[in-house]
Amino acid sequence: MKLKKMIALMASTVICIGMLAGCGGSAGGNGSAQTSNEKSSGKKVIGFAQVGAESGWRTAETDSIKSIPTLDSNFDLKFSDGQQKQENQIKAIRSFIAQKVDLIALDPVVETGWDTVLKEAKDAKIPVVIVDRKVTVSDDSLYKCFLGSDMVAEGKKAAQILIDQFGKDAKLNIAELQGTVGSTAMVGRQQGFNDAIKDCPNYKIIKSQTGDFTRAKGKEVMEAFLKSDGDKINVLWSHNDDMAMGAIQAIEEYGKKPGKDIFILSVDGIKDIFQAMVDGKANATVECNPLLGPQLLEVAKNILDGKEVERTINSKESQFLQKDAAAELPNRKY
Ligand code: AHR
């Protein structure tokens, strides 16, 4: 009986060792490693660690990223939704490393706290591209490049819209809906906006709180703003369109007219905000381009071919006022 058990144990050990040997990934010519299944298919694999699905912008970005394998059949994509939690994104990166993907693309929910996991990717010789939002790390060699928008410039453009509309001396009581605290989209937009209104003595931010980039929280926070200062607020500055959409609803329920009693200014350029502008309920949006899939593919190809890439690759963006919304609405892709 004992002998039978020992023979069975030895046999299963031999099978396991055989399986491990067969599944081991090896370093490719570019220094990166491949997963076993894609190695046999010859495809390059990108692992994408997404922030979440908090906004229309995010959904558009996800769709664009997921189009990579259809844009180039030599590429496969492994996609992970971090549900707005850094720990989920860290787990996803570790799983991409374990699967030996060729390149990791990270859209980081917040800027800090990435050193350890990016070092693990570097040690595994997997190049990393930071997409959309930035990271702050102690060692710049932990990632190859950043691809995305200039969020500080977006905040400045938003402030300039107010200056053009009302003049520098106007008396504006601004309610600010911040994005996710600690994210580049929040930090950059706030910094750009605040810098640009420094010379406007009567532009006052009388309310400021995070709505975490979601429509539901934007509405909830705006309700609270209106409850305490509903008669004073004459501008809503929202770090994204989705929170502005929630706030528009709150303003209507409060009995005021969004777009008229309160000037509605936000960032992204999603279809819903264009419709709100056409309906006279929103006033302006600064575009932030989420259609990053084709650019990420180009960058990935260059890196994996061993070519040099720019350290920062910015996407092209514009801004739109209510008067241009009807003409632009049919052209919007997200
Ligand atoms: O990082 C980009 C920002 O994140 C978008 O402006 C916002 O809508 C999204 O949630």
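Since the structure is predicted, the reported quantities are computational estimates derived from the model, not experimental observations. (Residues numbered from 1 in each chain as written. Predicted model: local features only at pLDDT ≥ 70, side-chain atom pairs only at ≥ 80, totals over all residues. Heavy atoms only, no water.)

Caption draft 1: Seen up close, the sheet that holds strand β1 (residues 44–50). One open sheet holds the 6 strands; their spatial order is β2-β1-β3-β4-β5-β11, and the pairing between them is parallel. Every interior strand has two partners, whereas the edge strands, β2 (75–81) and β11 (312–314), have only one. Going across the sheet, the axis of each strand differs from the next one's by a mean of 20 degrees, ignoring polarity. Where β1 lies against strand β3 (residues 103–106), 4 bridges are found, and the strand directions are parallel. When the sheet's bridge partners are listed, Ile46 is paired in β3 with Leu103. (Pairing = 2+ DSSP bridges. Helix = DSSP H or I, 4+ residues; strand = E, 2+ residues; numbered from the N terminus. Axes fitted to C-alpha atoms, helices over the stretch in contact; angles between N-to-C directions.)

Caption draft 2: Summary view of the packing of helix α9 (residues 215–229) against helix α10 (residues 241–254). Closest axis-to-axis distance for the α9/α10 pair is 7 Å, and the angle between their directions is 40 degrees. Considering their axes alone, α9 and α10 lie oblique with respect to each other. Between α9 and α10 lies a crossing whose hand is right-handed. Here Arg215, Gly218, Lys219, Met222, Glu223 and Leu226 of α9 lie close against α10, whose contacting residues are Asp242, Met243, Met245, Gly246, Ala247, Gln249, Ala250, Ile251, Glu253 and Tyr254. Classifying every residue of the contact of α9 with α10 gives 8 nonpolar, 3 polar and 5 charged. (Parallel < 35°, antiparallel > 145°, perpendicular 65-115°, else oblique. Left-handed = near helix turned anticlockwise from the far one by under 90°. Contact = heavy atoms within 4.5 Å. Nonpolar A, V, L, I, M, F, W, Y, C, P; charged D, E, K, R; others polar.)

Caption draft 3: Seen up close, helix α12 (residues 293–304). For α12, built from 12 residues, the straight-helix expectation of 16 Å at 1.5 Å per residue is met to within 8% by its first-to-last C-alpha distance of 16 Å. Restricting attention to buried positions, one finds in α12 the residues Gly293, Leu296, Leu297, Val299, Ala300, Ile303 and Leu304. Buried residues along α12 cover an arc of 165 degrees about the axis, so they all sit on one side. After α12 finishes, the residue Gly306 shows a positive phi value of roughly 80 degrees. (Expected span 1.5 Å × (residues − 1). Buried < 20%, exposed > 50% of the residue type's maximum accessible area, 1.4 Å probe, protein only. Arc of directions from axis to C-beta.)

Caption draft 4: Expanded view of unusual backbone geometry. The phi dihedral of Lys125 is positive, around 60 degrees, even though this residue is not glycine. Along the polypeptide, Lys125 turns up in the loop between α6 (115–123) and β4 (128–131). Phi is positive for Phe213, which is not a glycine, with a value near 70 degrees. Structurally, Phe213 can be placed in the loop between β7 (203–210) and α9.

Caption draft 5: Inspection of the pairing of strand β10 (residues 284–287) at higher detail. Where burial is concerned, the two faces of β10 agree: the one with Ala284 and Val286 and the one with Thr285 and Glu287 are both buried. As paired strands, strand β9 (residues 263–268) and β10 are joined by 4 bridges and run parallel to one another. Within β10, the residue paired with Asp268 across the bridge is Glu287. In this region the chain leaves β9, passes through helix α11 (residues 271–278) and returns to the parallel neighbour β10; the handedness of that crossover is right-handed. (Right-handed = clockwise from strand over helix to strand, strands pointing away.)

Caption draft 6: Region of the structure containing the nonpolar core. Membership of the largest hydrophobic core comes to 52 residues, with the highest contact counts inside it found for Leu162, Phe193, Tyr203, Met222, Leu236 and Leu265. In terms of residues, this core owes the most to one element, α10, which gives 7 residues. Core analysis: the second largest hydrophobic core is formed by 22 residues, Val45, Val101, Val128 and Val135 among them. (Core = buried A, V, L, I, M, F, W, Y, C linked by side-chain atoms within 4.5 Å.)

Caption draft 7: Looking closely at the sheet that holds strand β12 (residues 319–321). With respect to topology, 6 strands assemble into an open sheet ordered β7-β6-β8-β9-β10-β12, the strand pairing being mixed. The sheet is open, and its two borders are formed by β7 and β12, each paired with just one other strand. For this sheet the average axis-to-axis angle between neighbouring strands, irrespective of direction, equals 15 degrees. Pairing geometry for β10 and β12, over 3 bridges, is antiparallel. In the sheet register, Thr285 faces β12, and the bridge partner there is Phe320. Relative to strand β6 (residues 172–178), helix α8 (residues 184–196) is tilted by about 165 degrees, and along the sheet it contacts β6, β7, β8 (235–238) and β9.

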